[in-house]
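Understanding the architecture of this molecule
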Amino acid sequence: MSATQDKKLTDIVIDDLMISSEKVAHVQLHNPLEHALLILVKSGYSAVPVLDSSFKLKGTIGKTPILNAVLGLERFETEKLSDMRVDEAMNTDVPSLSRSDSFMDGLKTVINYPFVCVADEDNHFDGILTRRAILKQLKRNYYTVEHEHE
Ligand code: AMP
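Residues numbered from 1 in each chain as written. Predicted model: local features only at pLDDT ≥ 70, side-chain atom pairs only at ≥ 80, totals over all residues. Heavy atoms only, no water.

1. Thoughts on the sheet that holds strand S3 (residues 47–51)
Strand order in this open sheet of 3 strands is S2-S3-S4, and the pairing throughout is mixed. This sheet does not close on itself; its edge strands, each paired only once, are strand S2 (27–28) and strand S4 (57–62). Here S2 pairs with S3 via 2 bridges, running parallel. Note on S3: the bridge partner recorded for Gln28 is Leu51. (Pairing = 2+ DSSP bridges. Helix = DSSP H or I, 4+ residues; strand = E, 2+ residues; numbered from the N terminus.)

2. Some thoughts on the side chain of Gln137
Take Gln137: it is sitting in helix H6 (residues 131–148). Residue classification places Gln137 among the buried residues on the basis of a relative accessible area of 3%. If near-sequence neighbours (up to four positions away) are discounted, Gln137 is found in contact with Thr4, Leu9, Ile12, Leu17 and Phe103. (Buried < 20%, exposed > 50% of the residue type's maximum accessible area, 1.4 Å probe, protein only. Contact = heavy atoms within 4.5 Å.)

3. Comments concerning the nonpolar core
Core analysis: the largest hydrophobic core is formed by 16 residues, its most contacted members being Val27, Leu33, Val50, Ile61, Ile66 and Val86. Among the elements of the structure, helix H2 (33–43) and S3 are those that each provide at least two residues to this core. Top element by residues in this core is H2. It accounts for 4 residues. Not counting the four nearest positions on each side in its chain, Val50 is found in contact with Val27, Gln28, Leu29, Lys56, Leu57, Lys58, Gly59, Thr60, Ile61, Val86 and Met90. Counting 13 residues, the second largest nonpolar core, distinct from the first, contains Ile12, Met18, Val118 and Leu129. (Core = buried A, V, L, I, M, F, W, Y, C linked by side-chain atoms within 4.5 Å.)

In structure tokens form, the structure reads like this:
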């Protein structure tokens, strides 16, 4: 049985719903863009977290910023993929949550993002919360409440 099966939404915290760091694909600041693009294409994810060498959260990187970074006047200058690094194309302006934040904190944040990173007070990466996990939990609780009124 899932940990959130019998919990009210107000009792659920991000820790109950997040994907933990060891299951999350990520890239590092100094990886070449080619490596990041390979991870993104092979995994099928639109974006992944960017970490530094001590596993601290630095931002996210997606396929579109990578393609924009190598876009020349008339063509994709794909030779740049091996010269440019992740920190030259990543998005650093990303929100983050902590494990103890509430379900509602998570819901508000994923309105604008398909996933949000979870980090501790020192910015060490703990995992991600996906919009999918929030929606699944909302659906589950909706049916539980419906059932209680039958
Ligand atoms: P999903 O809700 O599974 O469609 O995931 C939404 C987005 O969250 C994906 O496109 C990725 O950007 C990110 N994501 C989900 N799961 C993972 C994972 N295991 N590793 C890295 N990124 C992930």
